[in-house]
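Per-entry structural report
Residue-level listing of the chains:
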Amino acid sequence: MANKLEQLKTMTTVVADTGDIDAIAQWRPQDATTNPSLLLKAAASDAYRPMLAKAVAMARKQGGSDAEQLTVATDMLAVLAGQEILSLIPGVVSTEVDARLSFDTEATLKRARRLIELYDQQGVDTRRVLIKIASTWEGIRAAEILEQEGIRCNLTLLFSFVQAAACAQAGAFLISPFVGRILDWHLASSGRDQFSAAEDPGVLAVARIYNYYKANGYSTVVMGASFRNTGEIEMLAGCDRLTISPALLQELQDDNGSLEQRLSADGASSHDGFGILDEKRFRWDSNEDAMATEKLADGIRRFTVDQIELEGQVRQLASKAA
């Protein structure tokens, strides 16, 4: 019998949740997704040193203030990493907008368009790029505009059903619900030390969203993310896409057991009903969901910390090259 990873690939598009070039080359997923935390880890590798140097040189050539050059250099690094990743996979790569712009629609639009422009300047087919944006009200509004411009978006840091409903109504190409971080919150708040895979709150949240989308004809892709164990992955077999870390990909490959498909668009049903969401409803429902409110804020803070550290590395390299 095929191992569980091979079985999963017959049901779900498998995405590599890593910026590590060597890991992507090893696993050859359909797609790949990165974020500031993953890029920060990857930037320490030998594979990224030429990219860092090139990004700094290109930013310096463009000119502007030190702050402007730093912003361009970090964006360029993300683009060069994405370009390298695309040479190894047949699908798409996700590149994230600076989390510090999560509550600014116009700034998010400006940064997203620049990332696409930088990809285009590198000769990359921009249809193979997804722009990752936090699932705030402002981020979702930015994604709505970008989608109308033909720039496809991946709405990340998604924890609640109302976020998912708003993303679908905005016509977002893809959402990334964070399974493991939802579980983390429930473990901390409940006093329990574990949940079975079948009752895992993150799994249940993604299954609910998936069934709602399919039952209501939404085309937005559901990509489960941030997994803590293979049990969560197995319970979401059949989901549109799952983005999985190299360690968990290895565990699935090493397991020769049988994998059952859990989700399917055929016969999907949902009792959830939503009219058109406005800002007041979105913010109220978000406020009522303590888990989503806390994890969204925490996620933005974490990505910001790693973005700032990544900028520190770029600044250090720039000063040496000056």
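This write-up is about the structure you can find in this document. Numbers given for residues are sequential positions, taken from 1 along each chain in its written order. The predicted nature of this model means local features are confined to residues of pLDDT at least 70 and side-chain atom pairs, given and counted, to a pLDDT of 80 or more, with totals for whole chains, interfaces and linings taken over all residues. Excluding hydrogens and water, the side-chain values take into account all heavy atoms of the structure.

A few words now on the overall build of the protein. For the protein, the helix and strand inventory stands at 14 helices and 8 strands. Based on C-alpha atoms, the radius of gyration is set beside the globule rule, defined as 2.2 Å times the residue count to the power 0.38. In terms of C-alpha radius of gyration, the protein reaches 19 Å, essentially the compact-globule figure of 20 Å for 322 residues. Over its C-alpha atoms, taken along the principal directions, the protein stretches across nearly 60 × 50 × 40 Å. Residues counted as buried form 55% of the 322 residues belonging to the protein. What makes two residues a contact is simply this: any of their non-hydrogen atoms within 4.5 Å. Contacts spanning at least 24 positions in sequence make up 68% of the contacts within the protein whose residues lie at least 6 apart. If you sum the accessible surface of the protein, you get close to 14,000 Å²; carbon and sulfur atoms cover 48% of it. Placing the 33 positive and 44 negative side-chain charges of the protein at their respective mean positions leaves the two points 4 Å apart. Helix and strand definitions here come from DSSP, where helices need a minimum of 4 consecutive H or I residues and strands a minimum of 2 consecutive E residues; each element is numbered from the N-terminal end. Buried means the residue's accessible area, taken with a 1.4 Å probe over protein chains only, is under 20% of the maximum for its type, while exposed means over 50%, and partly exposed covers the values in between. In these tables, accessible area is a Shrake-Rupley quantity obtained with a 1.4 Å probe, and a residue counts as shielded only by the protein chains included in the view. For the charge count, each Lys or Arg is scored as positive and each Asp or Glu as negative, with His and the chain ends excluded. Charge coordinates come from a single atom per side chain, which is NZ of Lys, CZ of Arg, CG of Asp or CD of Glu.

Moving on, we get to the nonpolar core. Nonpolar core, defined: a set of buried Ala, Val, Leu, Ile, Met, Phe, Trp, Tyr and Cys residues in which side-chain atoms within 4.5 Å join the residues together. Core analysis: the biggest nonpolar cluster contains 91 residues, and L8, I131, L155, I175, Y213, L236 and I244 have the highest contact counts within it. Counting residues per element, this core draws most heavily on helix α5 (residues 66-86), which supplies 11 residues. Discounting chain neighbours no more than four positions away, the residues touching L8 are V14, I233, A237, L242, I244, L252 and L259.

On to the layout of surface pockets. Computed from the structure, the largest pocket encloses a volume of approximately 410 Å³. Lining residues are defined by having an atom within 4 Å of a point belonging to a cavity or pocket. Those points lie on a 1 Å grid over the protein atoms alone, cavities being sets where a 1.4 Å probe fits but cannot get out and pockets being open sets with protein on both sides within 12 Å along at least five of seven lines. Lining of the largest pocket is provided by 23 residues; of these, D17, N35, L38, R181 and S226 occupy positions nearest its centre. Counting only elements with at least two residues in the lining of the largest pocket, the list comes to α3 (36-42), β8 (241-244) and α14 (290-321). Residues were grouped as follows: Ala, Val, Leu, Ile, Met, Phe, Trp, Tyr, Cys and Pro as nonpolar; Asp, Glu, Lys and Arg as charged; and all remaining residues, including Gly, as polar. Taken together, the residues of the lining of the largest pocket sort by class into 8 nonpolar, 8 polar and 7 charged. Grid points are joined across faces, edges and corners, and a volume is the space filled by probe spheres set on the points.

A few words now on the pattern of salt bridges. When the charged atoms of two side chains lie near each other, side chains of opposite charge can form a pair. We define a salt bridge as a side-chain nitrogen of Lys or Arg found within 4 Å of a carboxyl oxygen belonging to Asp or Glu. Scanning the model with the defined rule gives 23 salt bridges in all. Residue D31 is joined to R241 by a salt bridge in which the shortest nitrogen-to-oxygen separation is 2.7 Å. Taken together, the residues span a long stretch of sequence, with D31 in strand β2 (residues 31-33) and R241 in strand β8 at a distance of 210 residues. R241 gets classed as buried once you look at its relative accessible area, which sits at 16%. A salt bridge links D98 to R111; the nearest nitrogen and oxygen atoms lie 3.9 Å apart. On the criterion of sequence distance, the pair formed by D98 in the loop between β3 (93-96) and α6 (105-121) and R111 in helix α6 is long-range, its members being 13 residues apart. The pair D98 / R111 is uniform in exposure class, with both members buried.

The subject of this paragraph is the sheet that holds strand β5 (residues 153-158). Two strands form a pair only when DSSP identifies at least two bridges running between them. Sheet architecture is closed into a barrel: 8 strands sit in the order β1-β2-β3-β4-β5-β6-β7-β8, paired in parallel fashion. Here the strands of the sheet are splayed against their neighbours by 30 degrees on average, with no regard to which way each runs. Here strand β1 (residues 13-17) pairs with β8 via 4 bridges, running parallel. Residue pairing for β8: V15 is matched across the bridge by T243. Angles shown run from 0 to 180 degrees and are taken between the N-to-C directions of axes, each axis being a line fitted to C-alpha atoms and, for helices, limited to the stretch in contact. In the packing of helix α7 (residues 137-148) onto the sheet, contacts are made with β4 (129-134) and β5, and the angle to β5 comes to roughly 170 degrees.

Before going further, it helps to examine helix α12 (residues 246-254). Buried residues of α12: L248, L249 and L252, and no others. Buried residues of α12, viewed axially, fall in a sector of 105 degrees; they line one side. Opposite the buried face of α12, by more than 90 degrees, sit the exposed residues A247 and D254. On its buried face, α12 sits against α1 (4-9), β1, α2 (21-27), α11 (230-235) and β8. As used here, the arc belongs to the directions running from the helix axis to the C-beta atoms.

Glancing now at the pairing of β1. Most of β1 sits out of view: 4 of its 5 residues are buried. Pairing geometry for β1 and β2, over 3 bridges, is parallel. The partner of V15 across the bridge, within β2, is D31. Following the backbone out of β1, through α2 and into the adjacent parallel β2, one traces a crossover that is right-handed. A crossover gets the label right-handed when its path from the first strand over the helix to the second runs clockwise, viewed with the strands pointing away from the viewer.

The next point concerns empty space enclosed by the protein. With the rule as written, the count across this model stands at 3 cavities of 30 Å³ or more. The space that makes up the largest cavity amounts to roughly 100 Å³. As for the largest cavity, its lining consists of 13 residues, and the residues nearest its centre are P36, L39, A78, E96 and Q307. Of all the secondary structure elements, the ones that give two or more residues to the lining of the largest cavity are α3, α5, β3 and α14. If you tally residues by element for the lining of the largest cavity, the top one is α5, at 3 residues. Looking at the second largest cavity, its volume works out to about 50 Å³. Considering each element in turn, the lining of the second largest cavity owes the most residues, 3 residues, to β4.

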